[in-house]
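Here is what each chain is made of, one letter per residue.
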Amino acid sequence: MKKLPVMLCGVMMLAVSGCCSPGQCKITMKKDAVLLDVRTPTEYQKGYLQGAINLPQADVDTKAATVVPSRDTPVYVYCRGGREAAMATEKLLKQGYTNVHNLGAMKDAREKLNIPISK
């Protein structure tokens, strides 16, 4: 009987944490996906993930439709530290985008997507 709570705890930890550590999770972007870098233009110019489009988080409300016209397009969002990506993801979802993925910080996005940095 004492083994049941221990087993349930292990199952709960897997459900909460997922099946891999942050550095091990890899994502394959779909061909029609849009990779959004929501950092400032100055930060973007210093280096960005190959193929990323710069749309500063402050402009997501007003310019998202020009970059991602279809609400069903897969959108992957990253920034410098994670906070701006979370804010941009929330804004996109509120605008009706249905396939938005918050990748967090640029270094995490690079590891998850296995995409090189361009300058």
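These remarks concern the structure in this document. A quick note: this is a predicted structure, and the numbers were derived from the prediction, not measured. (Residues numbered from 1 in each chain as written. Predicted model: local features only at pLDDT ≥ 70, side-chain atom pairs only at ≥ 80, totals over all residues. Heavy atoms only, no water.)

## Some points on the pattern of salt bridges
Line of reasoning, step 1. One pass over the structure, following the stated rule, counts four salt bridges.
Line of reasoning, step 2. Across the pair E43 and R80 runs a salt bridge, and its minimum N-O distance is 3.0 Å. One end of the pair, E43, is in helix α2 (residues 41–45); the other, R80, is in the loop between β4 (75–79) and α4 (83–94), and 37 residues separate them in sequence.
Line of reasoning, step 3. Exposure remark for E43: the relative accessible area of 22% places this residue in the partly exposed category. (Salt bridge = Lys/Arg side-chain N within 4 Å of Asp/Glu carboxyl O. Helix = DSSP H or I, 4+ residues; strand = E, 2+ residues; numbered from the N terminus. Buried < 20%, exposed > 50% of the residue type's maximum accessible area, 1.4 Å probe, protein only.)

## Details of α4
Line of reasoning, step 1. An ideal rise of 1.5 Å per residue puts 16 Å on twelve residues; α4 measures up with 17 Å between its terminal C-alpha atoms.
Line of reasoning, step 2. Taken as a whole, α4 has its buried residues at A85, A88, T89, K91 and L92. One side of α4 holds all its buried residues, which, seen down the axis, span an arc of 165°. Across from the buried face of α4, at angles greater than 90 degrees, the exposed residues are R83 and K94. (Expected span 1.5 Å × (residues − 1). Arc of directions from axis to C-beta.)

## Considering the packing of helix α3 (residues 60–67) against α4
Line of reasoning, step 1. Two elements in contact, α3 and α4, have axes separated by 10 Å at closest approach and are oriented at 70°. Relative to α4, the element α3 is oriented roughly perpendicular. The way α3 lies across α4 gives a crossing that is right-handed. Across the interface between the two elements, V60, D61 and A64 from α3 touch A88, K91 and L92 from α4.
Line of reasoning, step 2. For the contact of α3 with α4, a count of residues per class yields four nonpolar, no polar and two charged. (Axes fitted to C-alpha atoms, helices over the stretch in contact; angles between N-to-C directions. Parallel < 35°, antiparallel > 145°, perpendicular 65-115°, else oblique. Left-handed = near helix turned anticlockwise from the far one by under 90°. Contact = heavy atoms within 4.5 Å. Nonpolar A, V, L, I, M, F, W, Y, C, P; charged D, E, K, R; others polar.)

## What to know about the sheet that holds strand β1 (residues 34–37)
Line of reasoning, step 1. With parallel pairing, four strands are arranged side by side in an open sheet as β3-β1-β4-β5. What marks the edges here is a single partner per strand, and that holds for β3 (53–54) and β5 (100–105).
Line of reasoning, step 2. Two strands pair when backbone bridges link them, and β4 and β5 are joined in this way by five bridges, in the parallel orientation. Bridge pairing links Y78 to G104 in β5. (Pairing = 2+ DSSP bridges.)

## Digging into the nonpolar core
Line of reasoning, step 1. Core analysis: the biggest nonpolar cluster contains 15 residues, and L36, V38, V60, V77 and L92 have the highest contact counts within it.
Line of reasoning, step 2. Elements with a minimum of two residues in this core: β1, α3, β4 and α4.
Line of reasoning, step 3. The residues touching V77, leaving out its near neighbours within four places in the chain, are L36, V38, A85, A88, T89, L92, V100, H101, N102, L103 and G104.
Line of reasoning, step 4. Residues A33, Y76, L103 and I115 belong to the second largest nonpolar core, which totals 13 residues. (Core = buried A, V, L, I, M, F, W, Y, C linked by side-chain atoms within 4.5 Å.)

## Quick notes on the pairing of β4
Line of reasoning, step 1. Within β4, five of the five residues are buried, which leaves the element mostly enclosed by the surrounding structure.
Line of reasoning, step 2. Here β4 shows a buried face lined by V75, V77 and C79 and a second buried face lined by Y76 and Y78.
Line of reasoning, step 3. Here β1 runs beside β4; their pairing, made up of four bridges, is parallel. Counted as the bridge partner of L35 is Y76 from β4.
Line of reasoning, step 4. Where the polypeptide runs from β4 across α4 and back to β5, its parallel neighbour, the crossover connection is right-handed. (Right-handed = clockwise from strand over helix to strand, strands pointing away.)

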